[in-house]
Amino acid sequence: MDYRYESSDNSSGRNKCAACFRQFNKMEHLVDHMRTSFHSVHESKCGICRKHCRSFESLREHLIGPLPKQECKNIFNIRGCRYCLTILESSNARRVHQERCQFSNVNAVGLLARMATLGIRDSLNIDNGYSRGTQVVALACKMVGGGSDGSLDLCGRVCLIDENENILFHSYIKPLIPVTNYRYDTTGIRPEYLRDAMPLRQAQKKIQDFLCNGEPMWKVKPRGGRARILVGHGLDHDLDRLQVEYPAVMIRDTAKYPPLMKTSKLSNSLKYLTQAYLGYDIQTGIQDPFEDCVATMRLYTRMRSQRHGAEDYSLASDPQNRNNLAAWRQSELERMSPEGLLALSRSDFYCWCLDS
Ligand SMILES: [Zn+2]
Ligand SMILES: [Zn+2]
Ligand SMILES: [Zn+2]
Ligand SMILES: [Zn+2]
């Protein structure tokens, strides 16, 4: 394909970014913008004007507000899904779609969670990769307080589920140091629940071995191995408190995934993401880590199911090779069309659609 422009006039669109539609006075400014913007097929796109947005949050602002693009907002109001922000063919199609797109925190969840409080559930089996494909599991913890003022987070309860929301492990955990604040209002944890609970060291080893699934840690690789993909929200903190180490390439964190972050690049809370993208409330009153596991797993599978165009190179996490525009000379880039520049640009994050 030849992306070069022969004409030298500056008619409309000449220096307009083909992704975010920003207009530049000079082609060199557009090239500079493209070098640092990492536009790609993996960005969220408006289903109406096709504008690329940095995150779902910025797409939400574009479609809903506070400062929406009016033409897009008008169509979105009639046939846009308020959860996944897709545009459907008709308002009727939207109704049918949205019913499937919205999840609920069904009573069965509460029931399961209550049953789980009765004791440990433990089916963390190492299968050495005998089941088909890479398995995905979600993990969440609830913290109690340690230290003199009770502000030190200690894991008091942990849950792991599989992709079908089955509980693999659900247990109270006895921390290594004394608990000074049980945070009962949110954790529902009483001293007697932890007294004879599974010691942290034992839980740590179990979870560690389960995640690696027979693969030595140093051999864990992103594709084709036995190790499991780990989903969660704010997993650095959970894993730190559990003293579990796990390679970043296997982690899918809904708090750190750029499409799910705020436009300010800060994390959204899991409570907010669940309300906005899945359509139900969590973390009201006493919280069970099972509920957080289910919410993060649903967010993960929704993100993974997106259909983005294929790219010949998908790598994002290598800092040496973050954007292949770097390999081109400025003068060559300045002769390309905005579409040509976009075709060369690559994302700076690992899109979860690549897991499917
Ligand atoms: Zn742009
Ligand atoms: Zn993608
Ligand atoms: Zn639009
Ligand atoms: Zn939807």
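The name an unreviewed UniProt entry gives the protein is RNA exonuclease 4, with Linum tenue as the organism. In UniProt, the protein has this text filed under Sequence similarities (unreviewed entry): "Belongs to the REXO4 family." Taken verbatim from the UniProt record of the protein, the Subcellular location (unreviewed entry) comment is "Nucleus".

Visitor: Please set out the overall build of the protein residue by residue, giving values where relevant.
Guide: Each helix and strand in the protein was counted, giving 13 helices and 10 strands. Counting over 356 residues, the protein shows a buried share of 33%. A fraction of 59% describes how many contacts in the protein between residues 6 or more apart in sequence connect residues 24 or more apart.

Visitor: Explain the environment of tyrosine 350 to me, using residue names and the numbers behind them.
Guide: Note on placement: tyrosine 350 falls in the segment after helix H13 (338-344). The class for tyrosine 350 is partly exposed, based on 19 C-beta atoms found within 10 Å. Taking the C-alpha atoms as reference, tyrosine 350 lies 8.9 Å from histidine 42; in sequence the two are 308 residues apart.

Visitor: Give me the lowdown on the confidence of the model for the protein, citing residues and values where you can.
Guide: Looking at the protein, the pLDDT average stands at 87 and 87% of residues meet or exceed 70. This stretch, residues 1-10, has a pLDDT under 50; its non-local contacts, to residues over four places away or in other chains, come to 10 contacts.

Visitor: How would you summarise the pairing of strand S6 (residues 167-174) if you had to cite specific residues and measurements?
Guide: Burial runs high along S6: six of the eight residues are buried. Examined bridge by bridge, strand S3 (residues 121-122) and S6 share two bridges and lie antiparallel to one another. Looking at S6, one finds that arginine 121 is bridged to histidine 170. Relative to S6, strand S5 (residues 152-162) is paired through five bridges, and the arrangement is antiparallel. The partner of leucine 160 across the bridge, within S6, is phenylalanine 169. Taking the residues that link successive antiparallel strands as the turn, the S5-S6 hairpin has four residues, and the phi of glutamate 165 there is positive, at about 70 degrees. As judged from the two bridges shared by S6 and strand S8 (residues 198-199), these two strands associate in the parallel manner. Across the sheet, the residue bridging to lysine 174 is proline 199, located in S8.

Visitor: Account for the UniProt feature "domain: C2H2-type" (unreviewed entry) in the protein, naming residues and giving values.
Guide: When the UniProt feature table is mapped onto this chain numbering, "domain: C2H2-type" (unreviewed entry) sits at residues 15-44. The distance from the first to the last C-alpha atom of residues 15-44 is 22 Å, and the span holds 37% helix and 3% strand.

Visitor: Outline the environment of glycine 279, supporting the account with residue identities and numerical values.
Guide: Mapped onto the elements, glycine 279 comes out in the loop between helix H10 (270-278) and helix H11 (289-304). For glycine 279, a count of 17 C-beta atoms within 10 Å corresponds to the partly exposed category. Put simply, glycine 279 and cysteine 101 are 178 residues apart on the chain and 8.3 Å apart in space, counted from C-alpha to C-alpha. What glycine 279 contacts, discounting residues up to four positions off in sequence, is Tyr83, Gln102 and Phe103.

Visitor: Could you give an account of the pairing of strand S9 (residues 229-232), with specific residues and numbers?
Guide: Residues Ile229 and Val231 of S9 are buried on one face, and the alternating residues Leu230 and Gly232, pointing to the opposite face, are buried as well. Here three bridges tie strand S4 (residues 136-146) to S9, and the two strands are oriented parallel to one another. Of the residues in S9, the one forming a bridge with valine 136 is isoleucine 229. Each parallel crossover has a hand, and the one from S9 via helix H9 (residues 235-242) to strand S10 (residues 251-253) is right-handed.

Visitor: Talk me through unusual backbone geometry; I want residue IDs and the actual numbers.
Guide: Note the cis peptide between glycine 65 and proline 66, where omega equals 15 degrees. Examined against the element boundaries, proline 66 turns out to sit in the loop between helix H2 (56-63) and helix H3 (70-79). Backbone geometry places phenylalanine 38, a non-glycine residue, at a positive phi of 55 degrees. Considering the arrangement of structural elements, one finds phenylalanine 38 in the loop between helix H1 (27-37) and strand S1 (44-45). With a phi close to 55 degrees, asparagine 213 is a non-glycine residue in the positive phi region. Looking at the element boundaries, asparagine 213 is found in the loop between helix H8 (200-212) and S9. With 22 C-beta atoms counted inside 10 Å, the residue asparagine 213 sits in the buried group.

Visitor: Tell me about H10, and name the residues and values.
Guide: Residues that lie three or four places apart on an α-helix share one face, since the helix turns once every 3.6 residues. Here H10 has its buried residues at Leu270, Leu273, Thr274, Tyr277 and Leu278. Here the buried residues of H10 occupy an arc of 100 degrees about the axis, which is enough to place them on one side. Along its buried surface, H10 packs onto H11. With its phi angle positive at about 85 degrees, glycine 279 sits one or two positions after the end of H10.

Visitor: Let's hear about the nonpolar core: which residues, and what values?
Guide: With 59 residues, the main nonpolar core has Ala138, Ile161 and Cys293 as its most contacted residues. The dominant element in this core, judged by the number of residues it contributes, is H11, at eight residues. When sequence neighbours within four positions are dropped, the list of residues in contact with isoleucine 161 reads Val137, Ala138, Asn166, Ile167, Leu168, Phe290, Cys293, Val294 and Met297. Of all hydrophobic cores here, the second largest spans 10 residues; its members include Cys17, Met27, Met336 and Leu341.

About the cut-offs
Residues numbered from 1 in each chain as written. Chains lettered and ligands numbered in written order. Predicted model: local features only at pLDDT ≥ 70, side-chain atom pairs only at ≥ 80, totals over all residues. UniProt positions renumbered as here; feature names shortened; annotations may be inferred. Helix = DSSP H or I, 4+ residues; strand = E, 2+ residues; numbered from the N terminus. Buried ≥ 20, exposed ≤ 12 C-beta atoms within 10 Å, placed from the backbone. Contact = placed C-beta atoms within 7 Å. pLDDT = per-residue confidence, 0-100. Pairing = 2+ DSSP bridges. Right-handed = clockwise from strand over helix to strand, strands pointing away. Arc of directions from axis to C-beta. Core = buried A, V, L, I, M, F, W, Y, C linked by C-beta atoms within 7 Å.

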